[in-house]
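Each chain, written out:
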Amino acid sequence: MRAALCTCLGMVIGSIFVAWRVRRTAARAAAGIAVSFPVGANLPDEGRRYSLGRVHTGREFRWEPRWSRTRLRELPTDLRYVRARETTLREMLWLPSSALVIECESSAGPVRLWAHSQQAVQVVEMIRRTGAPNVNSG
């Protein structure tokens, strides 16, 4: 009983801390301070697993892998925003609870990114500034 209570309490405290940190980072970026956002990336042709990385605000969109041993080392440079959507049931098992999936196109094929919902707007703006204009974006 105590173990279950401690586990639940730890999950609640962890979720509160993550939500606070995400909101603080988004507010700092909106104020013009350079920060880095956690952004996962996935090439659907290579499987369902996302590789964790980050993007830095205040410059063009460039995804950097979090670890050197990450299976996805780089993304195509010609990303074009297609749409943002909520996570599917299957993705909810592996992605953070506040994540939005950002679907993009490139010359190498489709690319999916995830970002926290408070930071997704800024990530999409960076993709749009970097990439070529897309007639389907809306």
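Placed above this text is the structure.
Notes on the structure in this doc start here.

What counts and what doesn't
- Sequence order as written defines the numbering, with residues in each chain counted from 1.
- Reporting of local features is limited, given that this is a predicted model, to residues whose pLDDT is at least 70; pairs of side-chain atoms are given and counted only at 80 or more, and all residues count toward the totals for whole chains, interfaces and linings.
- By convention in this description, side-chain values take in all heavy atoms of the structure and omit both hydrogens and water.
- Numbering of helices and strands runs from the N terminus; a helix is a DSSP stretch of H or I covering at least four residues, while a strand is a stretch of E covering at least two.
- To get the radius of gyration, use the C-alpha atoms; to get the globule rule, take the number of residues to the power 0.38 and multiply by 2.2 Å.
- Grid points spaced at 1 Å over the protein atoms alone were grouped into cavities, where a 1.4 Å probe fits but cannot get out, and pockets, open sets with protein on both sides within 12 Å along at least five of seven lines, with lining residues defined by an atom within 4 Å of a point.
- Grid points are joined across faces, edges and corners, and a volume is the space filled by probe spheres set on the points.
- Note on residue classes: Ala, Val, Leu, Ile, Met, Phe, Trp, Tyr, Cys and Pro are nonpolar, Asp, Glu, Lys and Arg are charged, and everything else, Gly too, is polar.
- At least two DSSP bridges between two strands are required for those strands to pair.
- The buried label applies to any residue whose accessible area, calculated with a 1.4 Å probe on protein chains only, is under 20% of its type's maximum; exposed applies above 50%, and partly exposed to all values in between.
- Geometry of aromatic contacts follows a simple scheme: Phe, Tyr and Trp rings, the Trp one being its six-membered ring, pair when their centres are within 6.5 Å, and the pair is stacked under 30 degrees between planes, edge-to-face over 60, tilted otherwise.

A look at the overall build of the protein
Okay, step 1: Each helix and strand in the protein was counted, giving three helices and six strands.
Okay, step 2: Overall, the protein shows an N-to-C arrangement of helices and strands of α-β-β-β-β-α-β-β-α.
Okay, step 3: For 138 residues, the compact-globule formula gives about 14 Å, and the C-alpha radius of gyration of the protein, at 16 Å, lands near that figure.
Okay, step 4: On the principal axes, the C-alpha backbone points of the protein span a range of 55 × 35 × 30 Å.

Brief notes about empty space enclosed by the protein
Okay, step 1: As enumerated under the stated definition, the model contains one cavity of 30 Å³ or more in all.
Okay, step 2: Its volume calculated, the largest cavity comes out at about 40 Å³.
Okay, step 3: Of the residues assigned to the lining of the largest cavity, the class counts are three nonpolar, two polar and three charged.

Thoughts on the sheet that holds strand β4 (residues 80-86)
Okay, step 1: One open sheet holds the six strands; their spatial order is β3-β2-β1-β6-β5-β4, and the pairing between them is antiparallel. Of all the strands in the sheet, just β3 (64-65) and β4 have a single pairing partner and so form its edges.
Okay, step 2: In terms of strand pairing, strand β2 (residues 51-56) meets β3 through two bridges, oriented antiparallel. Considered in β3, the bridge of Arg-54 is made with Glu-64.

Some remarks on the pairing of strand β1 (residues 36-42)
Okay, step 1: Most of β1 sits inside the fold, with five of its seven residues counted as buried.
Okay, step 2: Bridge count for β1 against β2 is six bridges, and the pairing is antiparallel. Considered in β2, the bridge of Ala-41 is made with Ser-51.
Okay, step 3: Across three bridges, the pairing between β1 and strand β6 (residues 111-116) is antiparallel. Opposite Asn-42, over in β6, you have Arg-112 as the bridge partner.

Quick look at the packing of aromatic side chains
Okay, step 1: Enumeration over the complete set of coordinates arrives at one aromatic pair.
Okay, step 2: Between Phe-17 and Trp-20, the aromatic rings sit 5.9 Å apart at their centres with planes inclined by 35°, giving tilted as the arrangement. Of the two residues, Phe-17 and Trp-20 are both situated in helix α1 (residues 2-30); the distance of three residues between them amounts to about one turn of the helix.
Okay, step 3: Assessed through its relative accessible area of 43%, Trp-20 is described here as partly exposed.

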